Amino acid sequence: MGITGDNALRDVTWDRIRTQVQEANSDLQDPLDVAAVLESLGWTDRRIEDTFGFADVFQAADELFTDIRRELTQAPLPIKITVTRKALIFSVVRDLGHGLTFTLPMIVSVAAMITLHISFASYQYFSVANATAIALATFLSFLTTGGFTQAMTNMYYVLTGMQKVQEIEATVFLVMRWSLVVTVVFAAVVIAGDFVFPIMPESLVLLMILYMVLLSMLWLSFTGLYILRREYFLTIITVFSILVAYVLHARGMPVQWAQTVAISLASLLGIATSLLLFRRRTRGFQALRGAFKTRLAQLAHGASPYFLYGVLYFVYIYVDRLVAWSAQTTYLPYNIWFRGQYELGMDWSLVALFLPLSVAEVLISAVMRRIENLEHRLSINREDELLSSLRRTYFSMLSIFVGVSIVGVLLTHASIGLLAPLRLFRSSVPVRGVEPFVFDWSSWAYVLFSVGLFNILLLFTLSHPRPALKVLIYGIVSDLVLGVSATQVLNGYQYAVLGLVASATFLAVYSSRTVLSVLPQLDYFLYRLT
């Protein structure tokens, strides 16, 4: 085991530490997780060396992680639990309903933009300069909150799984506060930076900062309702707030102030509803107040891959837009300039993603159920048969997901064909200029992206986040390099979409290859999930 000497007391101490580490963090992903727990338990380099003879905490963590992994992979399979057909159908319907209600607020927001020409951050009533500020504010709000929302979701499920119900509310709202602090600090840096290196007029920078802060509050408030699986409240709040903005604008209020009122109202309602639901969720657990308090450092370390995923996901979604907005193919008043035709085509492509996003949870749950059944049915001595069955399961579910994504694209194309002749929608559908070009290429690129997204979510479900993050990073870099090259060589900002197509193709192929490379190691990952 690497421990110096034969002192039985040291062996007992080592076994006790191993048990404490596993109890403190049941989802150990690598030796760094073990090192974080050891340090939280008070083990320093000097103490580790004096007790066990290791050079430092990290060397002890490597050995301890190896011991834990060996113990897990040699442990017997847990007793198989038979799920009735009725319970299985209920689970599938529940997951599908969760997915559909998750996308419903986005559908409502897009529908309002198309029909009422107003939403939380719509640009159709703005000048191009103001639309540039609003578009950048939307991207920056996702950039400053995307990681925190994913980390918040992960922390919630970890604490729920550990039955630390009394800590959930405090932890979630602590993450919200930190996210707002980061947003405000970032806003201050942007304002100060604009004085030194002006990028836009001061009025536009202030408008951008206002929207960024308000939208950040909105996304954070909505996350609380999402993790509580109360998405229907999101839809109700979204509909009500957008209607308020529409009425105020119809009565003569400038659109930016009408939207500001709507965003503020939605944020306050979201926070108040989340707080009420959290309080109701934790009621009845007062007896646990004296229980062990989970160390925030441990939670933060475990949630860090999810934080990075949230940041990288939104960077990927926006990188081709940023390339198009900054392409110097014609004279631009500023270094970055909103291109409404490009944005309209991309917005309709995102509509095609609603359907696959709705079924992603169902299919990934189905993959996990099938994998667990195969693990129980086939012994370790039938490794080749097991691996072959795992691959068939993966490809069958991936094929269904691709089919659903294609249906989403076809339905979106059909919707545009039906809406284009109607006067109400003539300015809201991609039928002229570069709009059809951007929409056609990006809609099919998002089919490929949905394949990559399915694989990434599956890797996270299997507690294998690092390869998933690497896939996203490679996708962002390829999108940026190829998008910039395409706009310059072909001399048109619309060709930024070709970078998206190329990167989405890479994302689909590379992520599928990564999942297939993980399947032979599945025993270990499944044991970590049990």
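Above: the structure in question.
Please read all numbers here as calculations on a predicted model, not as lab measurements.

Another aspect to go through is the environment of V315. Assignment of secondary structure puts V315 in helix 11 (residues 296-326). Linking V315 and F142, residues 173 residues apart in sequence, is a C-alpha distance of 8.5 Å. With residues near it in sequence (within four places) discarded, V315 still touches F139, L143 and I476.

We now examine a nonpolar patch on the surface. Residues I473, Y474, V477, L480, V481, L482, V484 and F506 make up a contiguous nonpolar surface patch of roughly 650 Å² in combined accessible area. Among the elements that make up the nonpolar patch, the one with the highest residue count is helix 15 (residues 465-489) (seven residues). Mapped onto the elements of the fold, I473 is located in helix 15.

A separate point is helix 15. Counted at 1.5 Å a residue, the expected span for helix 15 with its 25 residues is 36 Å, and the 36 Å between its end C-alpha atoms agrees. N491 occupies a position one or two residues after helix 15 and carries a positive phi of about 55°.

Next up on the list: the side chain of T273. Structurally, T273 can be placed in helix 10 (residues 255-282). Exposure remark for T273: the relative accessible area of 18% places this residue in the buried category. A distance of 2.7 Å separates a polar side-chain atom of T273 from the backbone oxygen of L269. If near-sequence neighbours (up to four positions away) are discounted, T273 is found in contact with L225, F233 and I237.

Rules and cut-offs
- Residues numbered from 1 in each chain as written.
- Predicted model: local features only at pLDDT ≥ 70, side-chain atom pairs only at ≥ 80, totals over all residues.
- Heavy atoms only, no water.
- Helix = DSSP H or I, 4+ residues; strand = E, 2+ residues; numbered from the N terminus.
- Contact = heavy atoms within 4.5 Å.
- Patch = residues over 30% accessible without salt bridge, like charges linked within 9 Å, V, L, I, M, F, W, Y side chains within 5 Å.
- Areas by Shrake-Rupley, 256 points an atom, 1.4 Å probe, with all protein chains shown as cover.
- Salt bridge = Lys/Arg side-chain N within 4 Å of Asp/Glu carboxyl O.
- Expected span 1.5 Å × (residues − 1).
- Buried < 20%, exposed > 50% of the residue type's maximum accessible area, 1.4 Å probe, protein only.
- Polar contact = N/O pair within 3.5 Å; in protein donor to acceptor, adjacent residues only side chain to side chain.

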